[in-house]
Amino acid sequence: MSAKYYTQFKLTDADYQGGNEFSGIVELSRPMDVDSDVTDITTILARNFDLQQSAVQLVSWSRLH
């Protein structure tokens, strides 16, 4: 069962300086636990922007119902 999350995040790569805060929906193949690591979200965002995972800073996230 997939789960969708509303995310706000910053990209710290040099190409995004000046306009680096974004928001969007990320869909995971399974829901995250309340205390789980947000690595799945940052991995997907980094892949979508063709960046290293370390270039994505997650500001906030919440599950969509």
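Further up the page is the structure itself.
Just so it is clear, the structure is predicted and the values come from calculations on it, not from any experiment.

A. Fine view of the overall build of the protein chain. Regarding its fold elements, the protein chain presents 1 helix and 3 strands. Walking the protein chain from its N terminus toward its C terminus, one meets helices and strands in the order β-β-α-β. At 12 Å, the protein chain has a C-alpha radius of gyration in line with the 11 Å of a compact globule built from 65 residues. Counting only C-alpha atoms, the protein chain reaches 35 × 20 × 20 Å along its principal axes. Looking at the protein chain as a whole, 25% of its 65 residues are labelled buried. A sequence separation of at least 24 residues applies to 54% of the contacts in the protein chain between residues at least 6 apart. A total accessible area of about 4500 Å² is found for the protein chain, and carbon and sulfur atoms account for 44% of it. Both charge centroids of the protein chain, one from 5 positive and one from 9 negative side chains, sit 7 Å from each other.

B. Focus on the pattern of salt bridges. For the structure shown, the criterion picks out 1 salt bridge. The residue R30 makes a salt bridge to D40 at a minimum N-O spacing of 3.8 Å. A residue pair is termed long-range when its members are at least 10 positions apart, and R30 in the loop between β2 (21-28) and α1 (39-48) and D40 in helix α1 qualify at 10 residues.

C. Summary view of a nonpolar patch on the surface. There is a patch of nonpolar side chains on the surface, built from Y6, I25 and L64 and spanning about 260 Å² of accessible area. On the secondary structure map, Y6 appears in strand β1 (residues 3-11). The partly exposed category is assigned to Y6, whose relative accessible area is 32%.

D. Up close: the sheet that holds β1. If you walk across this open sheet you meet the 3 strands as β2-β1-β3, and the pairing is antiparallel. The sheet is open, and its two edges are formed by β2 and β3 (56-63), each paired on a single side. Averaged over all pairs of adjacent strands, the angle between their axes in this sheet comes to 30°, without regard to strand direction. Two strands pair when backbone bridges link them, and β1 and β3 are joined in this way by 7 bridges, in the antiparallel orientation. Bridged to K10 within β3 is Q57.

Procedures and definitions
Residues numbered from 1 in each chain as written. Predicted model: local features only at pLDDT ≥ 70, side-chain atom pairs only at ≥ 80, totals over all residues. Heavy atoms only, no water. Helix = DSSP H or I, 4+ residues; strand = E, 2+ residues; numbered from the N terminus. Rg over C-alpha atoms; globule rule 2.2 N^0.38 Å. Buried < 20%, exposed > 50% of the residue type's maximum accessible area, 1.4 Å probe, protein only. Contact = heavy atoms within 4.5 Å. Areas by Shrake-Rupley, 256 points an atom, 1.4 Å probe, with all protein chains shown as cover. Lys, Arg positive; Asp, Glu negative; His and termini not counted. Charge placed at Lys NZ, Arg CZ, Asp CG, Glu CD. Salt bridge = Lys/Arg side-chain N within 4 Å of Asp/Glu carboxyl O. Patch = residues over 30% accessible without salt bridge, like charges linked within 9 Å, V, L, I, M, F, W, Y side chains within 5 Å. Pairing = 2+ DSSP bridges. Axes fitted to C-alpha atoms, helices over the stretch in contact; angles between N-to-C directions.

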